[in-house]
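If you want the building blocks of each chain, they are given just below.
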Amino acid sequence: MISAADLSANLADVERRVVEACTRAARPRAAVQLVAVTKRHPPELVRLAWDAGLRHFGENYAQELRDKHQALSSCGGVRWHAIGPLQPKNAKYVAKAAHVFHALERLEVAQELSRRRTGAPLQCFVEVNVAGEASKAGLAPAEVAAFIAQVRALPNLEVTGLMCMPPLDDDPEASRPSFKALAQLARALALEHLSMGTTGDFEVAIEEGATHVRVGTALFGERPA
Ligand SMILES: *Cc1c(COP(=O)(O)O)cnc(C)c1O
């Protein structure tokens with residue numbers, strides 16, 4: 001596991017890069033939420049990150065989210081972001097522990113989340129397969145408006161934005177067309193938030209309007225297998 005000193009150095013570096021990207025885009029730093037992706041790391045790492053001042057954590061797996069939510073219950077101010085694909089049978093864990101869900105793409109999952117949610121509505125991003133990749137999660141851009149209308153009929157969810165995972169590429173610039181397309185679709189649908197950008201391309205995402213960047217490796221190093 002990463003040391004507190006290395007985490008602090010990584011966080012300072014990521015923060016500087018976020019600020020510089022915001023400056024290039026003439027956007028305030030406060031317009032971008034850094035979501036620290038802690039998937040597959042132990043709860044002790046999340047606690048270290050909390051000690052370093054991080055409060056927004058991203059988890060991919062519903063049971064892992066449930067366990068870390070429990071383990072970190074004494075840490076104030078934590079906001080949990082469920083960012084991975086979700087099966088209806090696991091929706092209960094996300095409904096209970098998460099503040100934000102970034103990967104909504106199935107009505108069945110939306111229905112189950114709404115049914116299980118108590119308290120404040122769960123803030124949701126609809127995942128879009130902007131590049132039309134056969135193997136990728138997410139709705140086709142043309143399906144998004146009708147899907148959102150169906151989700152909005154449910155009581156305990158609030159659709160506030162769109163999310164995408166562009167095709168993997170070593171060149172961050174390769175993600176720019178996907179980010180631009182997602183931002184354009186969000187504008188057309190009057191959605192305020194954009195969850196886009198990871199370690200490889202978060203600066204480009206911020207330049208294209210990301211309100212939430214999901215960064216793991218740049219903060220915590222390689223994940224355990
Ligand atoms: C793992 C993951 C991330 C973080 O990826 P890094 O390259 O480690 O920054 C972001 N978003 C999703 C959906 C992920 O699964």
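Our structure's up above, just so we're on the same page.
The rules behind each value
- Residues numbered from 1 in each chain as written.
- Predicted model: local features only at pLDDT ≥ 70, side-chain atom pairs only at ≥ 80, totals over all residues.
- Heavy atoms only, no water.
- Helix = DSSP H or I, 4+ residues; strand = E, 2+ residues; numbered from the N terminus.
- Rg over C-alpha atoms; globule rule 2.2 N^0.38 Å.
- Buried < 20%, exposed > 50% of the residue type's maximum accessible area, 1.4 Å probe, protein only.
- Contact = heavy atoms within 4.5 Å.
- Areas by Shrake-Rupley, 256 points an atom, 1.4 Å probe, with all protein chains shown as cover.
- Lys, Arg positive; Asp, Glu negative; His and termini not counted.
- Charge placed at Lys NZ, Arg CZ, Asp CG, Glu CD.
- Arc of directions from axis to C-beta.
- Near = heavy atom within 4 Å.
- Polar contact = N/O pair within 3.5 Å; in protein donor to acceptor, adjacent residues only side chain to side chain.
- Nonpolar A, V, L, I, M, F, W, Y, C, P; charged D, E, K, R; others polar.

Peer 1: I tried to follow the overall build of the protein on my own but got confused; where do I start?
Peer 2: Looking only at helices and strands, the protein has nine helices and eight strands in total. Over its C-alpha atoms the protein spans a radius of gyration of 17 Å, differing by no more than 12% from the 17 Å that the globule rule assigns to 225 residues. Expressed along its principal axes, the backbone C-alpha trace of the protein runs to roughly 50 × 40 × 30 Å. When each of the 225 residues of the protein is scored for burial, the buried share is 50%. Contacts in the protein between residues at least 24 apart in sequence constitute 56% of all its contacts with a sequence separation of at least 6. Approximately 10,300 Å² of the protein is accessible, and the part contributed by carbon and sulfur atoms is 52%. Mean positive and mean negative side-chain charge positions of the protein (26 and 26 charges, respectively) differ by 7 Å.

Peer 1: Honestly, the environment of Cys75 in this entry has me stumped. Any pointers?
Peer 2: For Cys75, the location among the structural elements is in the loop between helix 3 (62-71) and strand 3 (79-82). Taking C-alpha positions, Cys75 is 9.1 Å from Arg55, a pair spaced 20 residues apart along the chain. Beyond its immediate sequence surroundings of up to four residues, Cys75 is in contact with Arg47 and Trp50.

Peer 1: What is the right way to read helix 2 (residues 43-51) from this model?
Peer 2: Along an α-helix, residues three or four positions apart point the same way, because every turn accommodates 3.6 residues. Among all positions of helix 2, only Leu45, Val46 and Ala49 are buried. Axial view of helix 2: buried residues confined to an arc of 100 degrees, hence all on one face. Turning to helix 2, the residues buried within the fold contact helix 1 (4-24), strand 2 (56-59), helix 3, strand 3 and helix 9 (217-220). Following helix 2 by one or two positions, Gly53 has its phi on the positive side, about 105 degrees.

Peer 1: Explanation requested: the site of the ligand in the structure shown.
Peer 2: Lining the immediate surroundings of the ligand are Val37, Lys39, Asn60, Ile83, Met165, Thr198, Thr199, Arg214, Val215, Gly216, Thr217 and Arg223. Here Lys39 contributes a side-chain N or O atom positioned 2.7 Å from an oxygen atom of the ligand. Gly216 is positioned with one of its backbone polar atoms (N or O) 2.8 Å from an oxygen atom of the ligand. In terms of residue class, the shell around the ligand is built from four nonpolar, five polar and three charged.

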